[in-house]
Every structure is written in C-alpha cells, then in structure tokens.
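# Observations on chain architecture
Listed below are the residues making up each chain.
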Amino acid sequence: MATEPEPDPAPPVAHLELKARLLLLLMVLLMAAAVAYLMYARGAFERTQELVLVADDSEGIVVGMDMTFSGFPIGRVGRIELSPEGNARIIVNIPRRDARWLRASSVFTMENGLVGSTKIRAFSGVMTDPPLPDGAERKVLRGDAAAEIPRMVASVRELVSNLSTLTGSEAPLNATLHNLQTAAERLNGPRGALGVLLGNETDAKKITLALERTNALLARLDGLVLKADGIATRTDGLVAHADAQVFGASGVVPETRATVVQLNGLLADARNSLKKVDAVLVEAQAIGANTREATADLGSLRGEVDASLRKVEQLVNEINRKWPFKRDTEIRLP
Amino acid sequence: MVDARQPMQGGSGPWLRAVLQWMASWWGVLDFGSQMLVLALSPSSYRRSQRKVMYRQLYAATAPQLAAFVVIAAVVSLVIIRIVVATAASYGLSRYALDVLVRTLVLELLPLLVALFVALRYTLPGAQEVALLRSQGRLRELWRAGGDPARDELLPRVVAGVFAVALLAALGCLLALVLTYLTVYGFTAWAFASYTRTVGQVFNPAVTLIFAFKALFFSLIVAIVPMAPDPLHSGDATRRRRDNIGLLGRVFALTLLVEVFSLIGNYY
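About the cut-offs
Residues numbered from 1 in each chain as written. Chains lettered and ligands numbered in written order. Predicted model: local features only at pLDDT ≥ 70, side-chain atom pairs only at ≥ 80, totals over all residues. Helix = DSSP H or I, 4+ residues; strand = E, 2+ residues; numbered from the N terminus. Buried ≥ 20, exposed ≤ 12 C-beta atoms within 10 Å, placed from the backbone. Contact = placed C-beta atoms within 7 Å. Axes fitted to C-alpha atoms, helices over the stretch in contact; angles between N-to-C directions. Parallel < 35°, antiparallel > 145°, perpendicular 65-115°, else oblique. Left-handed = near helix turned anticlockwise from the far one by under 90°. Nonpolar A, V, L, I, M, F, W, Y, C, P; charged D, E, K, R; others polar. Core = buried A, V, L, I, M, F, W, Y, C linked by C-beta atoms within 7 Å. Pairing = 2+ DSSP bridges. pLDDT = per-residue confidence, 0-100. Expected span 1.5 Å × (residues − 1). Bend = angle between axes of the 7 residues up to and from the residue.

### Observations concerning the overall build of chain A
For chain A, the helix and strand inventory stands at 6 helices and 7 strands. Reading the helices (α) and strands (β) of chain A from amino to carboxyl end gives α-β-β-β-β-β-β-β-α-α-α-α-α. Here chain A, with 334 residues, has 7% of them falling under the buried criterion. Within chain A, contacts between residues at least 6 apart in sequence are counted, and of these 54% link residues at least 24 apart.

### Some thoughts on the overall build of chain B
Along its length, chain B carries 8 helices and 0 strands. Ordered by position in the sequence, the α and β elements of chain B form the string α-α-α-α-α-α-α-α. Counting over 268 residues, chain B shows a buried share of 34%. Contacts in chain B between residues at least 24 apart in sequence constitute 84% of all its contacts with a sequence separation of at least 6.

### A closer look at the packing of helix α1 (residues 16-41) of chain A against helix α2 (residues 48-90) of chain B
α2 of chain B packs onto α1 of chain A with a crossing angle of 60 degrees between their chain directions and a minimal axis gap of 9 Å. Between α1 of chain A and α2 of chain B, the crossing angle belongs to the class labelled oblique. Our pair here, α1 of chain A against α2 of chain B, has a crossing hand that is left-handed. Taken together, the residues of α2 of chain B that come into contact with α1 of chain A (itself represented by Leu16, Glu17, Lys19, Ala20 and Leu23 of chain A) are Tyr55, Arg56, Leu58, Tyr59, Thr62 and Ala63 of chain B. Taken together, the residues of the contact of α1 of chain A with α2 of chain B sort by class into 7 nonpolar, 1 polar and 3 charged.

### Observations concerning the nonpolar core
Grouped together as the largest cluster of nonpolar side chains are 70 residues, with contacts concentrated most on Val118, Val165 and Leu168 of chain B. Of all the secondary-structure elements, those providing two or more residues to this core are α1 of chain A together with α1 (14-40), α2, α3 (97-135), α5 (149-185), α6 (192-202), α7 (205-224) and α8 (237-267) of chain B. Top contributing element to this core by residue count: α5 of chain B, with 19 residues. Among residues more than four places away in sequence, those in contact with valine 165 of chain B are Val114, Ala115, Val118, Phe218, Ser219 and Val222 of chain B. Core analysis: the next-biggest nonpolar cluster, separate from the first, contains 15 residues, Ile61, Ile90, Leu102 and Val140 of chain A among them.

### Brief notes about the interface of chain A and chain B
Between chain A and chain B, the residue contacts involve 21 residues of the former and 26 residues of the latter. The dominant element in the side of chain A that touches chain B, judged by the number of residues it contributes, is α1 of chain A, at 13 residues. When its residues are assigned to classes, the side of chain A that touches chain B shows 15 nonpolar, 2 polar and 4 charged.

### Brief notes about the pairing of strand β3 (residues 72-82) of chain A
All names here are of chain A. Pairing analysis gives 4 bridges linking strand β2 (residues 66-69) to β3, with the strands arranged antiparallel. Across the sheet, the residue bridging to aspartate 66 is arginine 76, located in β3. Between the end of β2 and the start of β3, which pair antiparallel, lie 2 residues, with serine 70 showing a positive phi angle near 55 degrees. Summarising the sheet, β3 and strand β4 (residues 88-95) pair through 6 bridges and their orientation is antiparallel. Across the sheet, residue valine 77 finds its bridge partner in β4, namely valine 92.

### So, the packing of α1 of chain B against α5 of chain B
Any two packed helices are characterised by how steeply their axes cross, that is the angle between the axes, and by the distance between the axes. Residue and element names in this part refer to chain B. Closest axis-to-axis distance for the α1/α5 pair is 10 Å, and the angle between their directions is 90 degrees. With respect to each other, α1 and α5 are oriented roughly perpendicular. Along its contact with α1, which presents Gln35, Met36, Leu39 and Ala40, the element α5 presents Ala150, Arg151, Leu154, Leu155, Val158 and Val159. Of the residues belonging to the contact of α1 with α5, the class tally is 8 nonpolar, 1 polar and 1 charged.

### Points about the environment of threonine 208 of chain A
Residues and elements named next belong to chain A. Checked against the element boundaries, threonine 208 lands in helix α5 (residues 201-247). Under the C-beta neighbour-count criterion, threonine 208 is labelled exposed, with 12 such atoms within 10 Å. Residues threonine 208 and leucine 194, 14 residues apart in the sequence, show an inter-C-alpha distance of 9.4 Å.

### Things to note about the confidence of the model for chain A
For chain A, the average pLDDT comes to 85, and 93% of its residues sit at 70 or higher. Averaged over each element, pLDDT in chain A is lowest for helix α4 (residues 192-198) of chain A (73) and highest for α1 of chain A (93).

### Points about α5 of chain B
Residues and elements named next belong to chain B. If you check α5, its first and last C-alpha atoms are 53 Å apart, about what 37 residues at 1.5 Å a residue would give, namely 54 Å. At leucine 155, α5 is bent by approximately 40 degrees, the largest bend along its length, and proline proline 156 sits one to four residues beyond. Phi turns positive, to about 80 degrees, at glycine 186, one or two residues after α5.

### Some remarks on the environment of valine 29 of chain B
All names here are of chain B. Take valine 29: it is sitting in helix α1. With 199 residues separating them in the primary sequence, valine 29 and alanine 228 have C-alpha atoms 5.2 Å apart. Those residues in contact with valine 29 that lie beyond four places of it in its chain are Val225 and Ala228.

### Re the confidence of the model for chain B
Residue and element names in this part refer to chain B. Averaged over all residues, the pLDDT of chain B equals 87, while 91% of them reach at least 70. α7 holds the highest mean pLDDT among the elements of chain B, 94, whereas α8 holds the lowest, 84. Under a pLDDT of 50 for its full length, residues 1-10 has, in the predicted model, 12 contacts with residues more than four places off or in other chains. This complex was scored by the predictor with a pTM of 0.64 and an ipTM of 0.86.

Structural data, given as structure tokens:
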C-alpha cells in the first residue's frame, strides 16, 4: 500500500481574524436586512385599518392577496373567516395612508378572471363623501367571467341567427333597403322630398299651389293683425276709462260702498220692525188660544140651540095636528 | 455494529448484508451528526482557544468561494430570469413573471445550487482531509495527546460548512432579487414599491418558515454528511475517489429529499 501524502497545511492568511469577523458581520447584516425587508414587504411597519368584505363565496381569495383601487394595491387580505350566517368574511388590512381613497359610498367587487387569480377591486365614485370608518363592513359584488361564458355563448348564437335572418336575400331588411334606395333616388330628383312624400307630380303641384295661396293668406292675415292691434289700443283706452268710472273717486264702487252702509242701517231697522212683529205674533197666538176656547163654548151652545129647535119642531108638529086646517095626509084605498 | 470492511460473501443473504451495511452507514452519519450538533450548541466549543481554528475554517469555507459563487449565481440567475420573463411575455403573462421568478429562483433553485456548490468546493475536500487524518491515525494521536479531535478538527469544519451555506444562500438570494428587479424594470426606483409588494406576497409566514428550515437542513446535510466516518472507507486512493462520488450522491439525494418535503409544504 502506498504511503498517503501528508495533508497540506493551509497557507497562513494575513489578518485572518479580522476577515473572519468581517464575514460574520456580513452574515449578520444580510440576515437582519432580509428579515427587515420581508417584514416591510409584508406591511409589518404600517398602521392599518380594517375593512370587512362579506361575500357569499370566498373561492379564489387567499390571505395576502391585494385589493386594488384604480389598479394600485391599497390593501391586502389579512384573514378569511366564516360568519354565523354562513357568509365568507374577508378582512382586508388597509394602510392608513391609502385609506383616504375609500369613502363611505365606495363599492367593492370580486372578479374571477379566466386566467389568473381572483381580484378584489374598490371603486369610489364620490370622493367628497365621508371617509370609510375603521372596521366598516361592506357587501362585495361578485363577477364571475367563467360563469358568464355559457350564457354569453347562448346569447351570441341567438344574435347570430337573428342577424342571418335579417341579412337573408328574402329578408324584410333587404326589401326595405331596396325601397330606401329608390326613395333616395327620388329625393335626388327634381321634386325632391315632396315628390317622395306624395308619390306623384300632380299632388306635388297642388301642394306648391296651396303653399302660394297660404302665403297670400298670411299677407292678408298680417293686415288683419295690424287692424286688431289698433282695436286693441282703443280697447285699452276704453278699459282705462271704465276703470276710472268704476273705481274712481265718484265711481260705481265707492257709491256702492255707501249704499251698502245705508243698506246696513235699513237692515237694522228692519230687524227692529221684525222684533215688534214677533211681539204682535205672540199676542196673536194668545188671541188664537182664546178663540179656540170660545169655539168649544160655541159647540155646547149649538147643542143647546139644536135641542131648543127640536122642541120647537115638536111643538109645531103638535099644533099642526091639532090645528083645524089640518090636511088629511092619509091615503084611503078603495 | 456490522463490520462492513468484511468482503461480501455469497450465500444465504448477500442482500441482507447489503441492507445492514447501508443501515450501519446511515447510523454512523446520524451518530456523528448528533455529536456535532451537541458540540456546536455547547458554549465550550467557542472558547477563545478554539477561535483561531474556527476562524480559519470559516474563512476557508467562504472567502475563496465568494467570487466564484457570485459569478456563477449571477449567470445562472440571469439566464433563468431571461427565460422566464421572455416566456411569460410571449404568453402575455408578464405580470406573473415576478411571482414565478421569486418562487423558482430565490426559494428553490439558489439554495440547491448553494448546497451543491459548498459541498463540492469545501466540505467534500474537507472530508477527504479528515479521512486522511483518520487513516493516518493523527486523530488518535491528537486524542492521546489530550486534545479532542471532534472539537478541534471536525467541529470547525462542520460549523464553517453551515456558515458557508447560510452566507452564500443569503448572498445568492439577494443577488437574484436585485437582478430580477433590474431585468424586469431596468434602472429605476419607481417600481420598488410594487416589487416589494410581490416579494412580500410570495414570502408569507409559512413559505418563509419552510425556506428557513430548508436552508438550515441543507447546511446541516452539506456540513455533516461528508465528514461522517464511513465504515466502507479503506484508505485506498481509488476506493476513496469512489467514496467521494458516493458521498456526493448521498448529499445530493438528501438535499433533494429536503427539497421535495419543502415543495410539499409549500404547495400542498
């Protein structure tokens, strides 16, 4: 067996201790820098406020993902939990300096793209609204591109089929376009739009004539209007005069007012007269009552008179019987 | 303990003997590793008298490798960054390039590169020296003279290996992060905030912890496994070269195992 060579002693290094210490220092610095940078990157040194987003499904949401505003990340998901109602509560930590972009009226959406992760976005429409309070709870609106695709494809298919029907050679649209072309040609013709509207030249001529006559009529109407203007001026004067007559110092209205005052006096007098009449009527009522009693007495008097008369009749009958000129009233039968 | 130096005999159970040898060899590694860990955690190992040898090994493990490693790491990083950025751009997925780069380059590839680099440049040659000292009986002489070969010869090499892996990994990751930023954004400071945000999103607490543990295990594997006494070692030069290749394979297999576990931890 060959003898093994001696291991070479390492050549001495100048300032070995210093260099080794420098290496140790470098190591410590690197580690401290890495830890500090990672803590900074994770937002450990930021003062944050919380925002709770409530979604019916937290699929695609992971802790640490960003919430963006106008494409800029302004917060990150800190925690996801299940609420007692069964909804997902996504707690987003927003640095205080970025929280000014969120207002009380801000809207939050959660979008599932075809490629890539789910995105949480914030939209602030009215920047003058009060700022979003710490710990605010908002419902997140969900948009799912993948779920929309089948519906969209169905709609597009229907649209394409409708378009095919519309653009077919027998389609009404084709005929309409053809008619439109004819109409356009006639529009460019000598009679222009009137020709298109009326269809034939005779009617167009009639319309022209009617227009001319209308113009003449309008000129005459102008004269009439001028006359009416004069009349109106005169009527104005008349009205002013009537005004003076009615509302002037010696007009109808002041006189009427005086008459009304007099009428008031008259009415007072009439009221007094009526009161007197009332008293007379009361007395008349008393007279009536007396009369009624007298009438009752008259009844008994009449009874007595009746009885006397009957006695007188009986007396007359007696006298008649006893009287020699008594007629024989008896009829004797043979 | 099985005497692994016995030539293998044919007969009833050659495979059994092989399995026992394999287990004995791993047991040796575990035994040595625990001894080294205990020594490394003992304050007495860092007495003033130990410092000189400790410093010498720390320096030998890192300083000569530093320049070469920075160049290799920069070239590898640049190539990978360029490939990823160009591929992402061609698919219109540029915004995911940063995330992919930080995950593949900083979290996975560079620590692996550092582990293999330190193993090849420092711990495997160091292991060869230690094997030579063993075979020449110098460790035994040291022991007889009242020294502690484990503390005076082996521990400084192990600590230096761990330190080298940690330092070079930190340096490589920093380099990769800077190069990624410069390649993607160019020489401007305006994208720093969004870049930091992306890095922060990748390095969530779980990933950071797994990354730290991975770096620690890589450094332990690279520093301890080659130094462990190998029962198969016979002192023969040809045999020793074969052993070196075996050791490298062992280191590589273990680092890959740790890598697989870290991937499982990160992505499952």
